[in-house]
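Chain residues, written in single-letter form:
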Amino acid sequence: MDRRKFIKAAGLVVPLASGLPASALMPIKQVAGKITNEAADKQRKADYTIRISTGLIEVGPQHIISTITYNGQFPGTLLRFKEGQQAIVDIYNDTDSPEQLHWHGQFIPVSVDGSAEEGTPYIPAHGMRREIFTPKPSGLRFYHTHTLAGANLNAGQYSGQVGPVYIEPKVKPTGYDREEFLMLKEFEPYFMKGGDMASDFLSGPVIPELKAIQDKEEKAAPNKPKGYEVGYKVFTINGKQLGHGKPIEVKYGERVLFHIVNGSGSEIRSLALPNHTFKVIAMDGFPVPNPAEVPVLWLGTAERISAIVEMKHPGTWIMGDLADDDRGNGMGTIIRYSGQKGKPQWIKPKPYLWDYSIFGNKNAHVPVPDEIIKMTFAKQQAADKGFNRWTINGVAFDMMNMKPMFHLEKGKRYRLQMHNASDDIHPMHLHRHSFELTRIGGKHTSGIMKDVAMLGGFQEMEVDFVADNPGLTLFHCHMQLHMDFGFMALFDYVS
């Protein structure tokens with residue numbers, strides 16, 4: 001029984017038909033601690049309407065892809081909200097399957113977060129939901145589907161269901177002249193026999209004790225095949241392969257703030273612009289304590305970076321991925337200065353290790369946590385019909401009972417000590433909360449707030465968060481293939 005069937009059987013899907021009146025389709029909402037019926041809001045105009053349906057994306061010349069989209073386009077409509085100002089979004093599901101729309105990175109109730117594991121009702125097939133919530137916190141967020149894909153490469157985050165969100169802060173940031181939003185995304189996925197995922201671009205040492213755990217498993221079954229992994233044929237920025245679509249036109253001396261989202265279902269992405277640097281001012285929507293200039297950006301699945309580039313080297317350049325194959329298959333866009341002509345140029349930058357800690361406080365002091373939660377992540381190779389099974393503390397998430405693994409008390413500060421006993425990178429995501437990086441790549445740090453962070457192969461990471469948003473809370477690796485095969489856990493609040 002898959003996730004959809006289980007939730008439906010458990011009675012958590014609102015049994016709505018598209019033919020019912022709009023008032024009957026309103027979910028409950030929570031205001032000032034009271035549950036009220038939203039029928040009174042039915043006459044209010046929605047701030048945004050999102051339609052989930054099959055759409056066509058022209059990724060390149062004579063190359064058109066059919067996939068599930070938001071509002072018939074990719075990326076989905078840019079949604080701009082105001083921090084602290086209530087918003088209404090009407091979501092219509094024109095497909096034949098129940099859907100979830102997850103408001104990634106927002107501090108909102110379970111009822112609208114968009115996670116069936118937490119108990120969010122599905123958006124029924126050929127039905128709709130009106131969602132009323134207060135967008136927060138400010139900064140770069142995004143929205144995407146949160147359904148099981150498993151072996152179906154047309155479903156879940158392999159589809160085109162991804163769109164950017166920007167929540168306007170009460171005090172607008174300065175130091176730039178204009179904004180550009182970039183959505184990095186691959187299409188036409190396929191399965192292949194997996195290998196080791198390179199993580200040598202991440203700062204920090206390999207922990208021998210963690211590597212020994214996987215080595216022991218492999219020695220016990222030396223002839224066991226590798227599990228399936230996902231590859232892609234098409235790579236895009238804002239739904240266009242490199243060279244297709246309009247270049248980004250810039251002026252000399254202009255300071256462009258790039259809001260970059262890795263909307264991939266399973267890929268780590270890099271981005272470089274020859275002869276230019278990126279001044280990182282925010283990560284996952286949160287301003288960093290120490291804005292710093294770097295020659296290359298690295299983004300795990302679902303990570304976001306806001307970075308300013310000062311345009312001071314005229315020419316026509318390729319902003320693209322470091323991987324020649326991925327860039328050659330489309331993962332790039334053209335930056336062209338006013339009045340410049342000629343063929344776009346690419347110059348590969350020198351090797352650069354990605355180090356989160358450079359964006360943190362120099363004084364790495366953080367409060368002592370009330371409780372430490374230890375987690376070890378491990379891979380059972382090809383253990384589930386040829387797919388790798390993933391475990392947290394030896395347990396793969398069970399879709400049949402979805403039992404919480406960890407228990408929280410409201411107001412307490414928790415430290416997650418994560419130990420990666422696999423060779424894969426894991427972009428770890430916590431729903432409905434943010435966390436503070438406190439140790440990563442062997443270095444202590446503070447002040448860097450995120451909701452996704454990459455944990456390298458055979459490395460360790462510690463993050464702190466405050467339990468301040470009651471309700472079931474999902475924690476998972478943001479690789480679709482990993483979360484579908486066990487790499488999730490639920491937190492619940494016991495007081």
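Residues numbered from 1 in each chain as written. Predicted model: local features only at pLDDT ≥ 70, side-chain atom pairs only at ≥ 80, totals over all residues. Heavy atoms only, no water.

Draft legend 1. Layout of the overall build of the chain. Helix and strand content of the chain: five helices and 33 strands. Taken against the 2.2 N^0.38 rule, which gives 23 Å for 495 residues, the C-alpha radius of gyration of the chain at 22 Å falls within 12% of a compact globule. In terms of overall dimensions, the chain has C-alpha extents of about 60 × 60 × 45 Å along its principal axes. Out of the 495 residues belonging to the chain, those deemed buried represent 58%. Counting contacts in the chain only where the partners sit at least 6 residues apart, residues at least 24 apart contribute 79% of the total. Of the roughly 20,100 Å² that the chain leaves accessible, carbon and sulfur atoms contribute 52%. Each charge sign in the chain was given a centre, from 55 positive and 54 negative side chains, and these centres are 3 Å apart. (Helix = DSSP H or I, 4+ residues; strand = E, 2+ residues; numbered from the N terminus. Rg over C-alpha atoms; globule rule 2.2 N^0.38 Å. Buried < 20%, exposed > 50% of the residue type's maximum accessible area, 1.4 Å probe, protein only. Contact = heavy atoms within 4.5 Å. Areas by Shrake-Rupley, 256 points an atom, 1.4 Å probe, with all protein chains shown as cover. Lys, Arg positive; Asp, Glu negative; His and termini not counted. Charge placed at Lys NZ, Arg CZ, Asp CG, Glu CD.)

Draft legend 2. Up close: the pairing of strand β8 (residues 127–133). With seven of seven residues buried, β8 lies mostly within the body of the structure. Both faces of β8 are covered, namely the face carrying Gly127, Arg129, Glu131 and Phe133 and the face carrying Met128, Arg130 and Ile132. Here seven bridges tie strand β6 (residues 87–93) to β8, and the two strands are oriented antiparallel to one another. Across the sheet, residue Asn93 finds its bridge partner in β8, namely Gly127. (Pairing = 2+ DSSP bridges.)

Draft legend 3. The sheet that holds strand β7 (residues 101–104), seen in detail. The strand order across the open sheet formed by four strands is β5-β10-β9-β7, and the pairing between neighbours is mixed. Every interior strand has two partners, whereas the edge strands, β5 (79–82) and β7, have only one. For this sheet, the mean inter-axis angle between neighbouring strands, taken without regard to orientation, is 25°. Pairing analysis gives four bridges linking β7 to strand β9 (residues 139–145), with the strands arranged antiparallel. Looking at the pairing, His104 lines up with Phe142 of β9. (Axes fitted to C-alpha atoms, helices over the stretch in contact; angles between N-to-C directions.)

Draft legend 4. Here's a closer look at the pairing of strand β20 (residues 316–320). Extensive coverage of β20 is indicated by the burial of five of its five residues. What you see with β20 is no split at all: Thr316, Ile318 and Gly320 on one side and Trp317 and Met319 on the other are buried throughout. Sheet topology places β20 next to strand β21 (residues 332–337); five bridges connect them, and they run antiparallel. When the bridges of β21 are listed, Ile318 appears paired with Ile334.

Draft legend 5. Molecular detail of the side chain of Asn388. Structurally, Asn388 can be placed in strand β23 (residues 387–392). Among the polar contacts made by the side chain of Asn388, one reaches the main-chain amide nitrogen of Gly227 at a distance of 3.5 Å. At 2.9 Å, the side chain of Asn388 and the backbone nitrogen of Ala382 are in polar contact. Apart from residues lying up to four places away in sequence, Asn388 is in contact with Gly227, Tyr228, Glu229, Lys379, Gln380, Gln381, Ala382, Ala383 and Phe485. (Polar contact = N/O pair within 3.5 Å; in protein donor to acceptor, adjacent residues only side chain to side chain.)

Draft legend 6. Region of the structure containing the sheet that holds strand β19 (residues 304–310). Sheet architecture is open: six strands sit in the order β12-β11-β14-β19-β16-β17, paired in mixed fashion. Every interior strand has two partners, whereas the edge strands, β12 (228–237) and β17 (286–294), have only one. The sheet shows a mean angle of 25° between the axes of neighbouring strands, taken without regard to direction. Relative to β12, strand β11 (residues 178–193) runs antiparallel, the two being bridged by nine bridges. What sits directly across from Glu186, in β12, is Phe235.

Draft legend 7. Looking closely at the packing of aromatic side chains. Summed over the entire model, instances satisfying the criterion amount to 22 aromatic pairs. Aromatic side chains Phe191 and Tyr228 sit 6.0 Å apart centroid to centroid with 50° between the ring planes, which places their arrangement in the tilted category. Here the residue Phe191 occupies a position in strand β11, and Tyr228 occupies one in strand β12, the gap between them amounting to 37 residues. An aromatic cluster of at least three residues, connected via ring pairs, comprises Phe377, Trp390, Phe406, Tyr414, Phe465, Phe475, Phe487 and Phe491. The ring of Tyr92 has Arg51 sitting right over it, with the charged end atom 4.3 Å from the ring centre. The residue whose ring lies beneath Arg141 is Phe286, and the NZ or CZ to ring-centre distance is 4.4 Å. (Phe/Tyr/Trp six-rings, centres within 6.5 Å; stacked < 30°, edge-to-face > 60°. Lys NZ or Arg CZ within 6 Å of the ring centre and 35° of its normal.)

Draft legend 8. Region of the structure containing the pattern of salt bridges. Scanning the entire structure with this criterion turns up 29 salt bridges. Among the ionic pairs, Arg269 bridges to Glu267, the shortest N-O distance being 3.3 Å. Taking the relative accessible area as the measure of exposure, Arg269 reaches 1% and is therefore buried. Given a relative accessible area of 17%, Glu267 falls into the buried group. (Salt bridge = Lys/Arg side-chain N within 4 Å of Asp/Glu carboxyl O.)

Draft legend 9. Region of the structure containing the nonpolar core. Counting 78 residues, the largest nonpolar core has Phe258, Leu297, Trp354, Met375, Met418, Phe475 and Phe491 as its most contacted members. Ranked by the residues each element gives to this core, the list is headed by β12, at four residues. Residues contacting Trp354, with those up to four places away along its chain left out, are Phe201, Leu202, Ser203, Met283, Val294, Val296, Leu297, Trp298, Ile305, Phe359 and Met454. Within the second largest apolar cluster, 18 residues are counted, among which are Leu79, Ile108, Val165 and Ile167. (Core = buried A, V, L, I, M, F, W, Y, C linked by side-chain atoms within 4.5 Å.)

Draft legend 10. Structural view of the side chain of Asp326. Position of Asp326 among the secondary structure elements: in helix α4 (residues 324–328). Apart from residues no more than four positions distant in its own chain, Asp326 is found in contact with Phe235, Glu267, Arg269, Asp321 and Met331.

Draft legend 11. Looking closely at unusual backbone geometry. Cis rather than trans, the peptide bond between Phe74 and Pro75 has omega equal to -5°. As for its position among the elements, Pro75 is in the loop between β4 (63–70) and β5. In this model, Lys136 is joined to Pro137 through a cis peptide bond whose omega is -5°. Structurally, Pro137 is set in the loop between β8 and β9. Not every positive phi belongs to a glycine, and Phe458 is a case in point at roughly 55°.

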